[in-house]
Amino acid sequence: MNKLANITEEIDSTQIKKSARIKQLISGEEISTDVKNKDYIVFESQVKFIFSTNEIPWFADNSHGMWRRWAFIHFDGKINKNKQILKTEIDRMMSLESSKSYYFNKMLEGFFELKKNNGFTFSSKTKELTEKTRIENNSVLSFLSENPITEPVNAKSYYVLYQQWANEQNLAKPYSKPTFKKLLEQHEGIEHVKSKRIGDKISPAFINTKYLNDDKVIENLQEEYKAIVKKLKKLGGTIPEIV
């Protein structure tokens with residue numbers, strides 16, 4: 001409380017199973033907490049969280065609400081062991097008035113940029129790393145990147161293929177079929193259709209709208225219409241006409 005930043009030197013690369021409190025803290029929502037030897041208090045977090053780590057933790061929550069709160073920045077600079085500067089020398093350089101003035105002005109530039117853009121500005125490298133981390137964190141998206149859907153695939157067969165892939169990757173617990181479907185549909189362009197002709201059979205399928213031209217879209221609509229007609233006939237309902 002009453003702080004502008006929460007900076008952690010290094011966090012463990014463990015599994016983060018619960019995300020509700022993290023979301024609340026990052027979003028600045030109202031939170032209640034206990035204070036030692038005092039009554040509990042209610043506050044709204046205003047801090048920015050900065051964590052450093054050698055290996056990014058695994059998140060159980062793969063929702064958009066979770067991932068839109070994170071940005072991953074890769075510090076890829078390496079210091080030659082023969083040219084390492086002693087910590088005392090770094091401290092001395094940072095204490096110079098010229099250094100203080102430089103960093104203060106950089107802070108002001110950043111502040112005005114935040115105000116102008118109403119938020120942080122991320123480089124293409126940061127965006128790419130964040131997306132790469134999101135995919136690697138999610139076994140379904142990792143599977144999709146290795147087994148892309150470029151044409152309609154049988155939903156049941158595709159899930160079986162995922163289970164085989166998960167076994168090869170030594171995943172302790174692959175996602176269930178409903179969660180697999182849900183996570184796939186979170187990926188842009190992927191949709192689950194209840195009725196799709198694949199070869200000589202009609203079955204539930206996954207499609208990727210990025211690979212559909214106008215003819216394919218019409219074909220999909222026609223297949224869905226045929227499925228609706230079939231169900232209505234069984235129920236004795238009125239068959240709608242296509243205008």
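Preceding this paragraph is the structure being described.
Owing to the predicted nature of the structure, the values given are computational and were not obtained by experimental measurement. (Residues numbered from 1 in each chain as written. Predicted model: local features only at pLDDT ≥ 70, side-chain atom pairs only at ≥ 80, totals over all residues. Heavy atoms only, no water.)

A. The arrangement of the environment of Gly 110 in detail. Note that Gly 110 resides in helix 4 (residues 97-117). C-alpha separation for the pair Gly 110 and Phe 120, spaced 10 residues apart in sequence, amounts to 9.0 Å. (Helix = DSSP H or I, 4+ residues; strand = E, 2+ residues; numbered from the N terminus.)

B. Layout of the sheet that holds strand 9 (residues 201-208). Strand order across the open sheet formed by 3 strands is 7-9-8, with antiparallel pairing between neighbours. The open sheet has two free edges, formed respectively by strand 7 (153-154) and strand 8 (190-198), since each of these has just one partner strand. In this sheet, strand 9 lies alongside strand 8 in antiparallel orientation, the contact comprising 7 bridges. The residue of strand 9 that forms the bridge with His 192 is Phe 206. Lying on the sheet, helix 8 (residues 177-185) is in contact with strand 8 and strand 9; it crosses strand 8 at an angle near 110°. (Pairing = 2+ DSSP bridges. Contact = heavy atoms within 4.5 Å. Axes fitted to C-alpha atoms, helices over the stretch in contact; angles between N-to-C directions.)

C. How the structure looks around the pattern of salt bridges. For the structure shown, the criterion picks out 4 salt bridges. A salt bridge links Lys 100 to Glu 97, with the nearest nitrogen and oxygen atoms 3.7 Å apart. A residue pair is termed a helical-turn pair when its members lie 3 or 4 positions apart in one helix, as Lys 100 and Glu 97 do in helix 4 at 3 residues. Of the residues examined, Glu 97 reaches a relative accessible area of 59% and is grouped as exposed. The salt bridge partner of Lys 181 is Glu 185, with a shortest N-O separation of 3.2 Å. With Lys 181 and Glu 185 both in helix 8 and 4 residues apart, this pair spans about one turn of that helix. With a relative accessible area of 31%, Lys 181 lands in the partly exposed category. (Salt bridge = Lys/Arg side-chain N within 4 Å of Asp/Glu carboxyl O. Buried < 20%, exposed > 50% of the residue type's maximum accessible area, 1.4 Å probe, protein only.)

D. A look at the pairing of strand 3 (residues 30-35). Bridge count for strand 3 against strand 4 (residues 38-44) is 5 bridges, and the pairing is antiparallel. When the bridges of strand 4 are listed, Val 35 appears paired with Lys 38. If you look at the hairpin formed by strand 3 and strand 4, you'll find 2 residues sitting between the two strands, and Asn 37 has a positive phi there, around 65°.

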